Amino acid sequence: MPATKLYPRTALILLTGLNLLNYADRNVLFAVQPLVQNEFHLTKAQIGYLTSAFLAFYMVAAPFVGPLADRYSRKLIIVIGAIFWSGLTLLTAVTHTYTELLVRHTLVGIGEATFVTIAPTFVADLFPESKRGRILGVFYLAIPVGSAMGYLLGGNLAPHHGWRFPFYVAAAPGFVLALLVLFLKEPERGRFDSLQETPERGTVLGLARNRAFLTATLGMAAMTFSLGGIQVWMPQFLYSERGYSLEAANFAFGIIIVVDGILASLAGGWLGDYLLRRTKTSYYLVSAASMLLGVPVMALALFVRGPLMVPAIAVAAFFLLFNTSPLNAAVINSAGAHIRATAIAVNIFIIHILGDVPSPTMMGWMADKTSLQAAFVLPVIAMVISSAILFYGMKFAPAVRLGRTKDSVGTI
């Protein structure tokens, strides 16, 4: 295979691997929450606040990282951030109070923001616009696979070795992959972009008038509220309200997330690209429809006991994860290449401040007042809101040209 074709694939695989570790590191906590709660004698609201604080620092760091990435080496910032977050994850060994764990968790959020803000722009510049749904489908496999790794590592290792041990296992490979990123060649910004620069697409202030960007971002925020709350509380829901052991709850939910995530991320990206040949609205349409289809199944999964519960959770998770690739492609295509990292930083800030920053704490507070089952009403409502926003956003979708662009060697 010619080196020009091999390089984009190699870079994609390496960055996807680092992204996988990024999500594994943060999701280990969800698997060991009951053990942490017992050791430090915490309420559910305090446990939920660990994730909310992590995401708060994560989203605040993103707007500072984005402009830097639009001006300086994206590769170098990715490497520094990955080493920083991996080192902090190892420091779990010296966390012996709730406050120390909270500080560690918030600093990890700053490190991970550097990668999540920049890496999608790096990946987008490796392949033509017409393939971005599929490419991002591969890159964002890290969300379900990494999340499942976190659940499985925590669920299997913590009962036997203590809740701190899984963090060491999750953190170590990050140093190796970070160093390998140094050998990547950074792609030219906007190499394959066909859409013309406009004030709305090409300036930071223009994003406030960019309805394609705003609707994709707000729809993603509501989706993130739902997904964030479900990820944090589903294992404990199965453990405390459905009679599963901690190990069985994490195993069941981990398997559902990894299988659904792989299938949904790839299928959503492929379907978004396929329909893009017929309509410019495809990324918004696929995302909106998947959210709407997931609503009744999610309600069934959460509020009906018996043999239908686990299959319903699996189907609902599939629809929730199906929009990951096309929705991220919509955000990337809505902004010009030279402000794309800044646009993603703004997107990260909005989706988290409206999404999974408040949702774990809100659900924890509601669970303390009523029950954890009742708290799951909140993510179901968020799915409805997300679908409505994205259906509305279809009218603002940019018209991407599908012809081959110069040097479009990146294939998958």
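The rules behind each value
- Residues numbered from 1 in each chain as written.
- Predicted model: local features only at pLDDT ≥ 70, side-chain atom pairs only at ≥ 80, totals over all residues.
- Heavy atoms only, no water.
- Helix = DSSP H or I, 4+ residues; strand = E, 2+ residues; numbered from the N terminus.
- Rg over C-alpha atoms; globule rule 2.2 N^0.38 Å.
- Buried < 20%, exposed > 50% of the residue type's maximum accessible area, 1.4 Å probe, protein only.
- Lys, Arg positive; Asp, Glu negative; His and termini not counted.
- Charge placed at Lys NZ, Arg CZ, Asp CG, Glu CD.
- pLDDT = per-residue confidence, 0-100.
- Contact = heavy atoms within 4.5 Å.
- Salt bridge = Lys/Arg side-chain N within 4 Å of Asp/Glu carboxyl O.
- Phe/Tyr/Trp six-rings, centres within 6.5 Å; stacked < 30°, edge-to-face > 60°.
- Core = buried A, V, L, I, M, F, W, Y, C linked by side-chain atoms within 4.5 Å.
- Axes fitted to C-alpha atoms, helices over the stretch in contact; angles between N-to-C directions.
- Parallel < 35°, antiparallel > 145°, perpendicular 65-115°, else oblique.
- Nonpolar A, V, L, I, M, F, W, Y, C, P; charged D, E, K, R; others polar.
- Left-handed = near helix turned anticlockwise from the far one by under 90°.
- Patch = residues over 30% accessible without salt bridge, like charges linked within 9 Å, V, L, I, M, F, W, Y side chains within 5 Å.
- Areas by Shrake-Rupley, 256 points an atom, 1.4 Å probe, with all protein chains shown as cover.
- Polar contact = N/O pair within 3.5 Å; in protein donor to acceptor, adjacent residues only side chain to side chain.
- Expected span 1.5 Å × (residues − 1).
- Arc of directions from axis to C-beta.

Draft legend 1. Quick peek at the overall build of the protein chain. Helix and strand content of the protein chain: 17 helices and zero strands. Against the compact-globule benchmark of 22 Å for 412 residues, the protein chain has a radius of gyration of 20 Å, which places it among compact chains. For the C-alpha atoms alone, the extent of the protein chain along its principal axes is close to 60 × 45 × 40 Å. Buried positions account for 60% of the 412 residues belonging to the protein chain. Both charge centroids of the protein chain, one from 29 positive and one from 19 negative side chains, sit 8 Å from each other.

Draft legend 2. Layout of the confidence of the model for the protein chain. When pLDDT is averaged along the protein chain, the result is 85, and 95% of the positions lie at 70 or above. Between residues 404-412, whose pLDDT stays under 50, and residues either more than four places distant or in other chains, the model counts 24 contacts.

Draft legend 3. Local environment of the pattern of salt bridges. Within the structure shown, the criterion is met by four salt bridges. Two residues, Glu39 and Arg164, come together in a salt bridge whose shortest N-O distance is 2.9 Å. Here Arg164 lies in the loop between α6 (142-161) and α7 (165-181) and Glu39 lies in helix α1 (residues 3-40), a separation of 125 residues in the sequence. Of the residues examined, Arg164 reaches a relative accessible area of 15% and is grouped as buried.

Draft legend 4. Spotlight on the packing of aromatic side chains. One pass over the full model with this rule turns up 12 aromatic pairs. When the centroid spacing of 6.2 Å and the interplanar angle of 85 degrees are considered together, the rings of Trp163 and Phe167 count as edge-to-face. The exposure classification of Trp163 matches that of Phe167, with both residues buried. Aromatic rings pair up to connect Trp85, Phe115, Phe139 and Tyr140 into one cluster.

Draft legend 5. Geometry of the nonpolar core. Counting residues in each nonpolar core, the largest one holds 133 residues, and the members touching the most others are Leu15, Val36, Phe115, Met234 and Phe376. When residues in this core are grouped by element, the largest group, 15 residues, is from α1. Each residue touching Met234, except ones within four places of it in the same chain, is listed here: Phe253, Leu302, Ile313 and Phe376.

Draft legend 6. Up close: the packing of helix α5 (residues 132-139) against helix α10 (residues 246-276). It is at 7 Å that the axes of α5 and α10 come closest, and there the two elements cross at 170 degrees. With respect to their mutual orientation, α5 and α10 come out roughly antiparallel. Along the contact surface, α5 presents Arg132, Gly133, Arg134, Leu136, Gly137 and Val138, while α10 presents Ser265, Leu266, Gly269, Trp270 and Asp273. A per-class count over the contact of α5 with α10 returns four nonpolar, four polar and three charged.

Draft legend 7. Layout of the packing of helix α9 (residues 211-241) against helix α14 (residues 340-354). The geometry of α9 relative to α14 is characterised by a closest axis approach of 8 Å and an angle of 40 degrees between their N-to-C directions. The orientation of α9 relative to α14 falls into the category oblique. Handedness of the α9/α14 crossing: right-handed. Residues Phe213, Thr217, Leu218, Met220, Ala221, Thr224 and Phe225 of α9 form the contact with α14, whose own contacting residues are Ala343, Val346, Asn347, Ile350, Ile351, His352 and Leu354. Looking at side-chain class alone, the contact of α9 with α14 contains 10 nonpolar, four polar and no charged residues.

Draft legend 8. Region of interest: the side chain of Thr95. Turning to its location among the elements, Thr95 is positioned in the loop between α3 (74-90) and α4 (98-124). Judged by its relative accessible area of 3%, Thr95 is buried. Aside from chain neighbours lying at most four places away, what touches Thr95 is Glu100, Leu101, Arg104, Trp163 and Arg164.

Draft legend 9. Highlighting a nonpolar patch on the surface. Together, Leu76, Ile80, Ile83, Val176, Leu179, Leu180, Leu182 and Phe183 line one region of the surface with nonpolar side chains, adding up to about 780 Å² of accessible area. Note that Leu180 resides in helix α7. The exposure class assigned to Leu180 is partly exposed, which follows from its relative accessible area of 40%.

Draft legend 10. Broad picture of the side chain of Thr117. Relative to the helices and strands, Thr117 is located in helix α4. Of the polar contacts made by the side chain of Thr117, one reaches the backbone oxygen of Ala113; its length is 2.7 Å. Setting aside anything within four residues of it in sequence, one finds Thr117 in contact with Ala62, Val65, Gly66, Ala341, Ile344, Ala345 and Ile348.

Draft legend 11. Looking closely at the environment of Arg340. In this fold, Arg340 is placed in helix α14. As for Arg340 and Val28, which are separated by 312 residues in sequence, their C-alpha atoms are 30 Å apart. The residues contacting Arg340, other than those within four sequence positions of it, are Asp70, Thr121, Asp125, Arg132, Asp193, Arg201, Ile332 and Ala335. In this structure the side chain of Arg340 is engaged in a polar contact, spanning 2.9 Å, whose partner is the backbone oxygen of Ala335.

Draft legend 12. Here's a closer look at helix α15 (residues 358-369). In this model, α15 (12 residues) spans 16 Å end to end at C-alpha, consistent with the 16 Å of a helix rising 1.5 Å per residue. Taken residue by residue, α15 has Ser359, Pro360, Met363, Gly364 and Ala367 as its buried positions. Down the axis of α15, the buried side of the element spans an arc of 130 degrees, and every buried residue falls inside it. Facing away from the buried side of α15 by more than 90 degrees, the exposed set consists of Trp365 and Lys369.

Draft legend 13. Seen up close, the environment of Thr215. You can see Thr215 is positioned in helix α9. In this structure Thr215 comes out as buried when scored by relative accessible area, which is 7%. Considered as a pair, Thr215 and Tyr392 are 177 residues apart in the sequence and their alpha carbons are 7.6 Å apart. Discounting residues that sit within four places of it in the chain, Thr215 has contacts with Tyr284, Ile389, Leu390, Tyr392, Gly393 and Phe396.

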